[in-house]
Amino acid sequence: MASVATHSGHNPANGNHIMLAGLAFQVFTLLTFITLSLDFTFSTWRRIRAMGKTEALDQRHAKLRNSFRFKGFIAALTFATLCIFTRSVYRVAELSEGWEGHLIKTQKYFIGLEGAIVVAGVLALNAFHPGFCFREAYEDSPDV
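Residues numbered from 1 in each chain as written. Predicted model: local features only at pLDDT ≥ 70, side-chain atom pairs only at ≥ 80, totals over all residues. Heavy atoms only, no water.

Caption draft 1: Inspection of the overall build of the protein at higher detail. When helices and strands are tallied, the protein shows nine helices and zero strands. For the protein, the succession of helices and strands along the chain, N to C, is α-α-α-α-α-α-α-α-α. Taken across its 144 residues, the protein has 24% of its residues classed as buried. The contacts in the protein between residues at least 6 apart in sequence include a share of 63% that link residues at least 24 apart. (Helix = DSSP H or I, 4+ residues; strand = E, 2+ residues; numbered from the N terminus. Buried < 20%, exposed > 50% of the residue type's maximum accessible area, 1.4 Å probe, protein only. Contact = heavy atoms within 4.5 Å.)

Here it is in structure tokens:
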């Protein structure tokens, strides 16, 4: 809507507001995901401290949980999520200034907070791809 309005000489405000609302919703949903992930993590830690590792966790997956690959995947997923969250927050700030704002006209911010940060997250998840990291658990599964 914003592009069509701009190219036809009309006010792109409605399209801009829709894009901004979509980006704000993305920030909200990612923040919800991060919050729920932290809640799960802390609940698991509290359970382990209260019950001990062998009682608190399913031991069928102990080999996977203790592997470098799995820990790397969790770290890569955390890093990639924070990268995308940072990018989304930047895009909300950028678009809230409008098409003539400081952020949208400063290339170094775009390169760092849009391009480089997404590439870093993608590379992290490629290095610790779930197919690579969970292969042992799948191959060791009695159902296979």
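Caption draft 2: Up close: the pattern of salt bridges. By the definition in use, this model includes four salt bridges. We note a salt bridge from glutamate 94 to arginine 91, for which the minimum N-O separation is 2.8 Å. Here glutamate 94 pairs with arginine 91, and both are found in helix H5 (residues 68-96), just three residues apart, close to one helical turn. Taking the relative accessible area as the measure of exposure, glutamate 94 reaches 4% and is therefore buried. A relative accessible area of 22% means that arginine 91 is categorised as partly exposed. Each of Arg87, Arg91, Glu94 and Glu114 takes part in a single network of salt bridges with overlapping partners. (Salt bridge = Lys/Arg side-chain N within 4 Å of Asp/Glu carboxyl O.)

Caption draft 3: Focus on the layout of surface pockets. Of the volumes computed, that of the largest pocket is approximately 790 Å³. Surrounding the largest pocket, 20 residues form its lining, Ser37, Phe40, Thr41, Phe70 and Ile74 being those nearest its centre. Mapped by element, the contributors of at least two residues to the lining of the largest pocket are helix H2 (13-51) and H5. Among the elements that line the lining of the largest pocket, the one with the most residues is H2, at nine residues. Grouping the constituent residues of the lining of the largest pocket by class yields 11 nonpolar, six polar and three charged. (1 Å grid on protein atoms, 1.4 Å probe; cavity = no way out; pocket = protein on both sides within 12 Å on 5 of 7 lines; lining within 4 Å. Points joined across faces, edges and corners; volume = space filled by probe spheres on them. Nonpolar A, V, L, I, M, F, W, Y, C, P; charged D, E, K, R; others polar.)

Caption draft 4: Up close: the packing of H5 against helix H7 (residues 107-127). Orientation of H5 relative to H7, taken along the N-to-C sense of each, is 160°, at an axis distance of 8 Å. Taken together, H5 and H7 sit at an angle that is classed as roughly antiparallel. Note that H5 runs across H7; the crossing there is left-handed. Residues Phe73, Ala76, Leu77, Phe79, Ala80, Cys83, Ile84, Thr86, Arg87, Tyr90, Arg91 and Glu94 of H5 form the contact with H7, whose participating residues are Tyr109, Phe110, Leu113, Glu114, Ile117, Val118, Ala120, Gly121, Ala124 and Leu125. Tallied by class, the residues present in the contact of H5 with H7 amount to 16 nonpolar, two polar and four charged. (Axes fitted to C-alpha atoms, helices over the stretch in contact; angles between N-to-C directions. Parallel < 35°, antiparallel > 145°, perpendicular 65-115°, else oblique. Left-handed = near helix turned anticlockwise from the far one by under 90°.)

Caption draft 5: Layout of a nonpolar patch on the surface. Taken together, the side chains of Leu38, Phe42 and Trp45 present a nonpolar region at the surface, about 320 Å² in accessible area. Here phenylalanine 42 lies in helix H2. When its relative accessible area of 39% is taken as the criterion, phenylalanine 42 is described as partly exposed. (Patch = residues over 30% accessible without salt bridge, like charges linked within 9 Å, V, L, I, M, F, W, Y side chains within 5 Å. Areas by Shrake-Rupley, 256 points an atom, 1.4 Å probe, with all protein chains shown as cover.)

Read these as spatial facts, not as claims about activity.
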